[in-house]
Amino acid sequence: MAIWRPFTQEKTASPSVKISRGSGAHLFAEDGRQYIDMISSWWVNILGHANKEIADAIYKQACILEHVIFAGFSHAPAEELCDKLAGFLPKQLRRFFFSDDGSTAVEVALKMAYQYFKNQGISGRNIYINLEGAYHGDTIGAMSAAGNDSQYHSTFSEFFFKTFTVSFPNTIEEEEASLEKLKCFLDARAEHVCALIVEPLVQGAAGMKMYRAEFLEKIVDEVRKYGILVIFDEVMTGFFRTGTMFAMDQTGVIPDLICLSKGITGGFLPLALTIATDSVYEAFYSDDWKKAFIHGHSYTANPIACAAAIKSLEILHRAETQSQILNIAKTHRDCLAEGLPNVTSKRTLGTIAAFEFESSQQANDVSAHMFRNGVIVRPLQNTMYFIPPYCISVDDLQYAYSLILRDE
Ligand SMILES: Cc1ncc(COP(=O)(O)O)c(C=O)c1O
């Protein structure tokens, strides 16, 4: 077998499960087994698998225009998608830059933030502030932005640019100390910082770690005193994952840049957007070519991906999808409240639920048990989380919870 798999130690990992078909929240393997996809296939399939309406939209677009260079040319699907998204964003955020995945959406934001200052003749702003435990993707810039302590990327730390890490507050009491350290750092170094980057309200890969909007608002207030830009990485949290269209909507913050990807096409095709405020955009708007944002990808704004995203947005905002989202949130709350005696740190936000076992081994054992019983999960160390497609039935979700209560 020639395939080298992502996030996999090939020597010790089991062979891949060969999936032949998907339908709604379910995946069907070649050996005839059936699984509930409790992690929306790395958090992208927000509307479930093989959604017929999105498939039809893709087919229709592929017959009209499959791709065109996006420098010097445009097309209706890209323009329509941006218009539609603008309707769900604060009016300040209306400059849409396309790329291909979450990592590139973050790279774009990081580069824009840095160049924003350079274009205004301000040099030396080359430090980024992050939040302890952050994950922003696997390209060099995205890895750097997560900082040297990143559990995934320390191998490459000698390549990383400079960051300051805000301590993650595990309790409300810890918020003050974390904020004080940030203030001290800013007193000394603020004029060297270009941006704060955070996953708002929930840090995904860190283990669905949740923190208060009030804390986020406070760190944003502090950095903004020094003109530092604010980047919200909503690659995981976007498109109702946290119960609202964006996690941003549950905070009093309008960031300068927001990164979107994952759920944007309903999980059908890779696509990403970095959306900037007018004020960021204006720093690039010039007669000087060097002040342009010289960045682009071959598949920028692929029309088929844009068509999938337009259809996905339409389905997302239907009353039935919205009530499904509420049902998932309620089922999470009810099931977490009802017990799960063998877990701790139970938490939920919108369609995300997470809880912890004593050890990674225990979480892996439970995950194996769930897999044998037809549920796909993927613990992050000792954290188990459920982040299902919005079309999942309450029965399927309750079934997954029932497997946690096993006595094996
Ligand atoms: C918050 C966040 N940002 C960025 C990324 C990177 O996205 P991608 O894997 O599409 O490059 C991820 C991926 O999990 C993520 O969770």
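Model, not experiment: these values are computed from the prediction. (Residues numbered from 1 in each chain as written. Predicted model: local features only at pLDDT ≥ 70, side-chain atom pairs only at ≥ 80, totals over all residues. Heavy atoms only, no water.)

Q: What is the right way to look at a nonpolar patch on the surface in this model?
A: There is a patch of nonpolar side chains on the surface, built from I140, F156 and F159 and spanning about 300 Å² of accessible area. Take F159: its relative accessible area is 53%, and that puts it in the exposed class. (Patch = residues over 30% accessible without salt bridge, like charges linked within 9 Å, V, L, I, M, F, W, Y side chains within 5 Å. Areas by Shrake-Rupley, 256 points an atom, 1.4 Å probe, with all protein chains shown as cover. Salt bridge = Lys/Arg side-chain N within 4 Å of Asp/Glu carboxyl O. Buried < 20%, exposed > 50% of the residue type's maximum accessible area, 1.4 Å probe, protein only.)

Q: Would you mind going over the site of the ligand with me for this structure?
A: Looking at the ligand, the residues that line it are W43, D101, G102, S103, Y135, H136, G137, E199, D233, V235, M236 and K262. A distance of 2.6 Å separates an oxygen atom of the ligand from a polar side-chain atom of S103. Contact distances for the ligand include 3.0 Å between an oxygen atom and a side-chain N or O atom of K262. If the ligand stood free it would expose 390 Å²; the protein chains cover 84% of that surface. Of the residues that constitute the shell around the ligand, the class distribution is four nonpolar, four polar and four charged. (Near = heavy atom within 4 Å. Polar contact = N/O pair within 3.5 Å; in protein donor to acceptor, adjacent residues only side chain to side chain. Nonpolar A, V, L, I, M, F, W, Y, C, P; charged D, E, K, R; others polar.)

Q: How should helix α2 (residues 52-64) be read in this particular structure?
A: The periodicity of an α-helix, 3.6 residues per turn, causes residues three or four places apart in sequence to face the same way. The end-to-end C-alpha separation of α2 is 19 Å, in line with the 18 Å expected for 13 residues at 1.5 Å each. All of the buried residues along α2 are I54, A57, I58 and Q61. Projected down its long axis, α2 shows its buried positions confined to an angular sector of 100 degrees, all on one face. Opposite its buried face, α2 presents the exposed residues K52, Y59, K60 and C63, each directed more than 90 degrees away. (Helix = DSSP H or I, 4+ residues; strand = E, 2+ residues; numbered from the N terminus. Expected span 1.5 Å × (residues − 1). Arc of directions from axis to C-beta.)

Q: What is the right way to read the side chain of R5 from this model?
A: Position of R5 relative to the elements: it lies in the segment before β1 (19-23). In terms of polar contacts, R5 uses its side chain to reach the backbone carbonyl oxygen of S14, at 3.0 Å. Setting aside residues no more than four positions away along its own chain, R5 makes contact with E10, A13, S14, P15 and S16. (Contact = heavy atoms within 4.5 Å.)

Q: Help me understand the pairing of strand β3 (residues 34-37), please; the structure alone is not making it clear to me.
A: Two faces, one strand: in a regular strand the side chains alternate between the faces of the sheet. Pairing analysis gives three bridges linking strand β2 (residues 26-29) to β3, with the strands arranged antiparallel. Its bridge partner being in β3, F28 is matched across the sheet by Q34. By the bridge criterion, two bridges tie β3 to strand β15 (residues 375-376) in an arrangement that is parallel. Bridging from a neighbouring strand, I36 pairs with V375 of β15. (Pairing = 2+ DSSP bridges.)

Q: Got a minute to help me understand the domain arrangement of the protein chain in this structure?
A: Frequently, the measure chosen for interface size is the accessible area removed from exposure when the parts meet. Entries for the protein chain in the domain assignment read domain 1 (19-50 + 318-404) and domain 2 (54-316). Between the C-alpha centres of domain 1 and domain 2 the distance comes to 26 Å. In this complex, domain 1 contributes 28 residues to the contact, which on the side of domain 2 involves 27 residues. At the boundary of domain 1 with domain 2, total buried surface from both sides reaches about 2,400 Å², with 61% on carbon and sulfur atoms. When the buried area of domain 1 at its contact with domain 2 is split by residue, W43, R318 and L349 rank highest and sum to 27% of it. (Domains from an automatic or database assignment. Buried area = accessible area lost by both parts, 1.4 Å probe.)

Q: Please explain the packing of aromatic side chains as it appears in this structure.
A: For any two aromatic rings, the description comes down to two numbers: the centre-to-centre distance and the angle of the planes. One pass over the structure, following the stated rule, counts 19 aromatic pairs. Between F239 and F246, the ring centres sit 5.9 Å apart and the planes meet at 65 degrees, which makes this aromatic pair edge-to-face. What makes F239 buried here is its relative accessible area of 1%. Given a relative accessible area of 0%, F246 falls into the buried group. By the ring-pair criterion, three or more aromatic residues cluster together here, those being F7, W42, Y135 and Y152. R95 extends its terminal NZ or CZ atom over the ring of Y281, reaching a point 4.0 Å from the ring centre. Directly above the ring of F168 sits K209, whose terminal nitrogen or CZ lies 4.3 Å from the centroid. (Phe/Tyr/Trp six-rings, centres within 6.5 Å; stacked < 30°, edge-to-face > 60°. Lys NZ or Arg CZ within 6 Å of the ring centre and 35° of its normal.)

Q: Can you help me understand the pattern of salt bridges in this one?
A: If charged atoms from side chains of opposite charge come close, those side chains can pair. Throughout the structure, instances matching the rule amount to 15 salt bridges. One salt bridge connects R318 with E53, and the closest N-O pair in it is separated by 2.8 Å. Residue R318 is located in the loop between α9 (303-316) and α10 (319-337), and its partner E53 is located in helix α2; the two are separated by 265 residues in the primary sequence. With relative accessibility at 31%, the residue E53 sits in the partly exposed group. The partner of R95 in a salt bridge is D278, with the nearest N and O atoms 2.8 Å apart.

Q: Even after reading the chapter, I still don't get the sheet that holds β15, so can you show me in this structure?
A: Taken together, the four strands give an open sheet; going across it, the order is β1-β2-β3-β15, and neighbouring strands pair in mixed fashion. In the strand order of this sheet, the two ends are held by β1 and β15, each with one partner.

Q: Explain unusual backbone geometry here, please?
A: The phi angle of most residues is negative, glycine excepted, and most peptide bonds adopt the trans form. Residues other than glycine seldom take positive phi values, yet F7 does so here, at roughly 50 degrees. Here F7 lies in the segment before β1. Overall, F7 belongs to the partly exposed group, its relative accessible area being 45%. Here S345, not a glycine, exhibits a phi torsion of approximately 50 degrees, which is positive. The topology assignment puts S345 in strand β13 (residues 344-349). Of the residues examined, S345 reaches a relative accessible area of 41% and is grouped as partly exposed.

Q: Is there a simple way to explain a negative patch on the surface in this structure?
A: A contiguous patch of negative charge on the surface is contributed by E132, D149, E173 and E174. With respect to the helices, strands and loops of the structure, E174 is situated in helix α6 (residues 172-189). Look at E174 and you get partly exposed, because its relative accessible area is 34%. (Lys, Arg positive; Asp, Glu negative; His and termini not counted. Charge placed at Lys NZ, Arg CZ, Asp CG, Glu CD.)

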